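# Results of the structural survey
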Amino acid sequence: MRTIEALGTLAGRTVIVRCDLNVPLSDGVITDDGRIRASLTTIRELRDAGAKLVLISHLGRPKGEPEDRFSLRPVATRMAELLGSPVQFCPETVGDEAAAAVASLGDGDILLLENLRFNAGETSKDAAERRAFAKQLAAYADAFVSDGFGVVHRSQASVTDLAEMLPSAAGRLVDAELKVLRRLTEDPARPYTVVLGGSKVSDKLGVIAHLLDKVDTLLIGGGMLFTFLKAQGHSVGASLLEEDQLDTVRGYLAEAEKRGVRILLPTDIVVAERFAPDAAHETVAADAIESSSFGAAGIGLDIGPESATAFAEIIAESATVFWNGPMGVFEMDAFASGTRTVAEALTQTEGFTVVGGGDSAAAVRAFGFADEQFGHISTGGGASLEFLEGAQLPGLEVLA
Ligand SMILES: Nc1ncnc2c1ncn2[C@@H]1O[C@H](COP(=O)(O)OP(=O)(O)OP(=O)(O)O)[C@@H](O)[C@H]1O
Ligand SMILES: O=C(O)[C@H](O)COP(=O)(O)O
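Throughout this document, residue positions are counted from 1 along each chain, in the order its sequence is written. To read the labels, note that chains go from A and ligands from 1, taken in the order they are written. The predicted origin of the model limits local features to residues at a pLDDT of at least 70 and limits the giving and counting of side-chain atom pairs to 80 or more, whereas totals for whole chains, interfaces and linings rest on all residues.

### Considerations on the confidence of the model for the chain
- The predictor rates its confidence in each residue with pLDDT, a number between 0 and 100. When the pLDDT values of the chain are averaged, the result is 97; 100% of them are 70 or greater.
- Predicted complex, confidence summary: ipTM 0.96, pTM 0.94.

See the structure below:
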């Protein structure tokens with residue numbers, strides 16, 4: 001993979017850097033700035049080399065149109081604080097204002113453009129539309145640095161198309177992430193446990209097929225667990241569910257049994273009356289979710305204490321643990337307990353531990369754990385999972 005050295009002298013040249021600044025926000029306030037901090041090594045290096053820096057990123061999943069709540073403006077402010085030097089912000093991604101802002105950059109200046117996903121071309125399935133958008137971005141720069149590790153699994157305009165249009169290289173974050181994650185793919189110490197949760201269920205169910213020949217145990221929590229429970233014939237009330245994945249999940253359960261891989265599901269679930277921090281809630285058996293007072297309207301928002309303890313025991317016995325996706329809606333205190341127990345178990349095991357994903361990392365920090373208490377905190381959730389399953393990641397292939 002080409003690294004920054006391959007780009008030659010950068011002083012006075014305009015370099016466009018794809019970062020993953022997709023940070024969690026609550027009422028416009030950044031609740032975890034880990035992804036901004038992680039982007040700084042490359043940014044400082046390019047700035048100090050005298051490049052004119054144009055930073056690009058997505059935030060959340062807007063649908064190709066501007067939405068205030070997904071603006072990157074607060075990220076520019078936070079980044080400037082962390083760098084101790086100005087970070088200009090342009091409220092459009094492409095257009096006359098953006099072009100003028102880029103043209104006015106001096107050596108070592110830093111400009112952050114508005115959310116890439118405010119433009120339909122960024123995530124379009126139509127290659128021509130994607131390329132047309134990438135071309136507009138490419139026009140701003142002499143070289144491209146790909147440093148958004150969290151998106152290297154996406155075939156999107158700013159990840160793959162742009163890299164093909166300019167001299168391009170991987171940034172320091174991408175390079176550093178791969179060095180650590182390779183420890184998990186090249187003969188990991190066993191037992192090897194992967195803990196999966198979170199809400200991007202359809203995205204992440206697919207990786208399980210490939211993880212089955214790599215891991216010893218899979219622990220399933222978060223929004224994903226309900227598709228498993230339903231596949232086993234249990235009712236899940238109004239919990240998150242991927243109906244069209246039930247057969248696939250049944251296939252995983254059968255395959256795991258054949259291979260002697262343990263897939264462990266929770267035995268108890270915290271069920272809430274509604275999706276709200278102050279919602280009434282009860283803990284019930286996982287195979288009887290609709291037996292709570294809320295009946296079929298109940299929503300599973302966390303794994304129960306019995307399950308959390310069982311997961312923690314397995315983590316304690318593991319020599320390698322990779323965790324992506326919170327066990328429950330940890331942003332609400334009432335549903336944070338499962339995630340907290342799993343996070344704590346990772347800090348206590350002797351094994352090598354990796355936490356991956358924007359919200360997973362935010363969760364461990366929100367609970368007060370320090371980054372040093374884990375082997376590695378990866379900025380990629382879906383990206384690191386796909387790397388671990390052995391997939392060819394389009395955003396990396398294009399840098400080879
Ligand atoms: N049972 C549940 N029902 C609904 N949402 C859930 C449930 N359990 C966890 N979540 C939500 O999952 C979200 C995080 O999921 P996600 O898959 O995005 O993880 P991540 O660590 O950010 O990974 P990535 O970096 O790939 O996005 C959290 O906001 C959390 O509230
Ligand atoms: O949070 C992430 O995993 C990355 O920022 C990628 O976001 P996406 O899943 O919306 O593409």
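### Observations regarding the UniProt feature "binding site: ATP" (unreviewed entry) in the chain
- UniProt positions are given in the numbering used here, feature names are shortened, and annotations may be inferred rather than shown by experiment. If you check UniProt for "binding site: ATP" (unreviewed entry), the listed places come out as Lys204, Gly300, Glu331, Gly357, Gly358, Asp359 and Ser360 in our numbering.
- Position of Lys204 relative to the elements: it lies in helix H7 (residues 201-205).
- Any residue whose C-beta has 12 or fewer other C-beta atoms within 10 Å is treated as exposed, any with 20 or more as buried, and any in between as partly exposed, C-beta atoms being built from the backbone. The class of Lys204 is buried, set by 22 C-beta atoms lying within 10 Å. Each helix corresponds to a stretch of at least 4 residues labelled H or I by DSSP, and each strand to a stretch of at least 2 residues labelled E; elements are numbered beginning at the N terminus.

### Observations concerning the site of ligand 1
- Lining the immediate surroundings of ligand 1 are 22 residues, of which Gly198, Ser199, Gly357, Asp359 and Gly381 lie closest.
- Every element with two or more residues in the shell around ligand 1 is listed here: strand S14 (299-303) and helix H13 (358-366).
- At three residues, the largest contribution of residues to the shell around ligand 1 is made by H13. The criterion for a residue being near a molecule or strand is simple: its C-beta atom, placed using the backbone, must lie within 6 Å of it.

### Describing the nonpolar core
- Each nonpolar core consists of buried Ala, Val, Leu, Ile, Met, Phe, Trp, Tyr and Cys residues. Their C-beta atoms, within 7 Å, join them into a set. By size, the foremost hydrophobic cluster in this structure holds 121 residues, and its most contacted members are Val15, Leu53, Val54, Leu55, Leu111, Leu112 and Val342.
- Where each domain starts and ends comes from a domain assignment, either automatic or drawn from a database. Here this core spans two domains, and each of domain 1 (4-173) and domain 2 (187-388) adds at least three residues to it.
- Contacts of Leu53, omitting those with residues within four sequence positions, involve Val15, Val17, Ile43, Leu46, Arg47, Asp109, Ile110 and Leu111. By the convention adopted here, residues are in contact when the distance between their C-beta atoms, placed from the backbone, does not exceed 7 Å.

### What about the sheet that holds strand S13 (residues 281-285)?
- Here the rule is simple: two strands pair whenever DSSP picks up at least two bridges between them. Spatially, three strands are ordered S13-S12-S14 in an open sheet, and the strand pairing comes out antiparallel. Strand pairing shows two members of the sheet lacking a second neighbour, S13 and S14, which therefore form its edges. Neighbour-to-neighbour, the strand axes of this sheet turn through a mean angle of 40°, independent of strand direction.
- The sheet contact formed by strand S12 (residues 268-272) and S13 spans five bridges and is antiparallel. Note that in S13 the partner of Ile269 across the bridge is Val284. Every angle, taken between N-to-C directions, lies between 0 and 180 degrees, and every axis is a line fitted to C-alpha atoms, over only the stretch in contact when it is a helix.

### A few points about the UniProt feature "binding site: (2R)-3-phosphoglycerate" (unreviewed entry) in the chain
- Within the UniProt annotation, "binding site: (2R)-3-phosphoglycerate" (unreviewed entry) is assigned to Arg35, Arg117 and Arg154.
- Position of Arg117 among the secondary structure elements: in the loop between strand S6 (110-113) and helix H4 (127-138).
- According to the C-beta neighbour criterion, Arg117 is buried, with 26 such atoms within 10 Å.
- Not counting the four nearest positions on each side in its chain, Arg117 is found in contact with His58, Arg61, Pro62, Gly64, Glu122 and Thr123.
- Note on placement: Arg154 falls in the loop between strand S7 (143-146) and helix H5 (157-165).
- Ignoring any residue separated from it by four or fewer positions in sequence, one finds Arg154 in contact with Val159 and Gly395.

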